[in-house]
Amino acid sequence: MEQTLKLQNGLEMPVLGYGCSFGNWTDTSKWMGFEPEAAWSAIPAALRAGVRHFDAALFYDSQRVLGHCLGQAFQKGELRRSDVWITTKVGHPYASHGSNALGKSLDWTNPDIDIKQEVRKQIELCLDELMLGYVDLLLMHWPGKWETKDEALNRRLRKEVWEVFEEYYKLGKVRAVGV
């Protein structure tokens, strides 16, 4: 039997999850960054091996592949939605190796953006890419800007994100939330 951890709201989360961040992060002689195409073979192999907890993130660019692979398993009757635990993350700061132009990262300190609305968009984008009605666990990918020392700003921004997380929890689009 798979080992689980009981969350504050009573849900049982599988302890081990399969990370869906595919890419080259160590070999500087090659292009470095996300390689979501690696997910096309890795995720089906994980499913065949019995993996049922997937740890995704909007910023990883592999959620569409995960959603497609799960959808195929659902269609074939190999899995039901209740058989898998999907964790995803939103709120990654801008980074040179990510899909910033697609709205998959946040400029945490840009005073011209509405952080709450951007987080809502990111959550909806996750659900759309995963092709799911809900995720089991929604996490704040990185709670603030990389180098900022403004603790008051970081606290305010984290509070705004948390309020959106609670909103989606109450809507039933996420079953648990965390940082």
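On a predicted model such as this, the values are computed, not experimentally measured, just so you know. (Residues numbered from 1 in each chain as written. Predicted model: local features only at pLDDT ≥ 70, side-chain atom pairs only at ≥ 80, totals over all residues. Heavy atoms only, no water.)

A. Representation of the pairing of strand β7 (residues 85-90). Counting buried positions along β7 gives six out of six residues, so the element sits mostly inside the fold. The alternating pattern of β7 places Trp85, Thr87 and Lys89 on one face and Ile86, Thr88 and Val90 on the opposite face, and all of these are buried. Handedness of the strand β6 (residues 53-55)-helix α2 (residues 63-75)-β7 crossover: right-handed. The sheet contact formed by β7 and strand β8 (residues 137-140) spans four bridges and is parallel. Across the sheet, the residue bridging to Thr87 is Leu137, located in β8. (Buried < 20%, exposed > 50% of the residue type's maximum accessible area, 1.4 Å probe, protein only. Helix = DSSP H or I, 4+ residues; strand = E, 2+ residues; numbered from the N terminus. Right-handed = clockwise from strand over helix to strand, strands pointing away. Pairing = 2+ DSSP bridges.)

B. Representation of the sheet that holds β7 within the structure. Read across the sheet, five strands follow the order β3-β6-β7-β8-β9 without closing on themselves; strand pairing throughout is parallel. Edge positions in the open sheet fall to β3 (18-19) and β9 (177-178), since each of these has one partner strand only. Where β8 meets β9, two bridges bridge the pair, whose relative direction is parallel. Residue pairing for β9: Leu138 is matched across the bridge by Val177. Lying over the sheet, helix α3 (residues 115-130) contacts β7 and β8, oriented at roughly 145 degrees with respect to β7. (Contact = heavy atoms within 4.5 Å. Axes fitted to C-alpha atoms, helices over the stretch in contact; angles between N-to-C directions.)

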